[in-house]
Every structure is written in C-alpha cells, then in structure tokens.
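Observations on chain architecture
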Amino acid sequence: MSAVTRQEIGACTRGAFGSGWVGRDQLCAAARSAGARREVVETLEKLSPRVRVCGVPDLLLLLPDLPDGNEGGERGAESSVA
C-alpha cells in the first residue's frame, strides 16, 4: 500500500473546516465520511486528542514527515530505477 500523503490528508479533511476550530475526532470523522483509506484515518488518530486546527495548512504543520503526494511521479521514478 502506498504511503499516506499530505495531498491525501488535505483532500479527505477539507470538508471538516469552515465553522471554527476542529479536533482530532472531527478530522477522523471527516476522513471516514470522505472514504479515506484506513491508513489515512490511522495517521489522524495518532494526533493528540487535544489538537485543534482551523484549516488544512495548520493540520499539515502537525504532519511534517508526510510526503507531498506526487504518487504517480514516485512510482515512475521507482520503475525507471528497476
């Protein structure tokens, strides 16, 4: 399975924002509602239960180690090396 990416996190949690601060449980619920992969929800569940963010950029600051999300390019690079 491919790694969880910043793009994927942003896409599945974007719907949680719009009416103020959002907590970890709301982010997980939004991801599930958006049909996110299990690994994405698990990544969000690792956040502190006290986390509050007001947008995707703030959320991504808490997940600095995630790759950007050019999955097609990454696969292409791997296949050209092999």
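If you're wondering where the values come from, they're calculated on a predicted model, not measured in any experiment.

**Some words on the confidence of the model for the protein**
Averaged over all residues, the pLDDT of the protein is 86; the fraction at 70 or higher stands at 83%. Scored below 50 in pLDDT, residues 72-82 makes two contacts in the model with residues more than four places away or belonging to other chains.

**Examining helix H2 (residues 24-33)**
Buried residues of H2: Arg24, Leu27, Cys28, Ala30 and Ala31, and no others. Taken end-on, H2 shows its buried residues confined to a sector of 160°, consistent with a single buried face. Turned more than 90 degrees away from the buried face of H2, the exposed residues are Asp25 and Ser33. Check the buried side of H2 and you find it contacts helix H1 (6-13), strand S1 (22-23), helix H3 (38-45), strand S2 (52-53) and helix H4 (56-61).

**Observations regarding the environment of Cys54**
Positionally, Cys54 belongs in the loop between S2 and H4. For the pair Cys54 and Gly18, spaced 36 residues apart in sequence, the C-alpha to C-alpha distance is 8.0 Å. Cys54 has contacts with Phe17, Gly20 and Trp21, leaving out every residue within four places of it along the chain.

**Observations concerning the packing of H2 against H3**
Angle between the axes and distance between the axes: these two values describe a pair of packed helices. It is at 9 Å that the axes of H2 and H3 come closest, and there the two elements cross at 175°. Of the possible angle classes, the one that applies to H2 and H3 is roughly antiparallel. Residue-level contacts link Arg24, Leu27, Cys28, Ala31 and Arg32 of H2 to Val41, Leu44 and Glu45 of H3. Tallied by class, the residues present in the contact of H2 with H3 amount to five nonpolar, no polar and three charged.

What counts, and at which threshold
Residues numbered from 1 in each chain as written. Predicted model: local features only at pLDDT ≥ 70, side-chain atom pairs only at ≥ 80, totals over all residues. Heavy atoms only, no water. pLDDT = per-residue confidence, 0-100. Contact = heavy atoms within 4.5 Å. Buried < 20%, exposed > 50% of the residue type's maximum accessible area, 1.4 Å probe, protein only. Helix = DSSP H or I, 4+ residues; strand = E, 2+ residues; numbered from the N terminus. Arc of directions from axis to C-beta. Axes fitted to C-alpha atoms, helices over the stretch in contact; angles between N-to-C directions. Parallel < 35°, antiparallel > 145°, perpendicular 65-115°, else oblique. Nonpolar A, V, L, I, M, F, W, Y, C, P; charged D, E, K, R; others polar.

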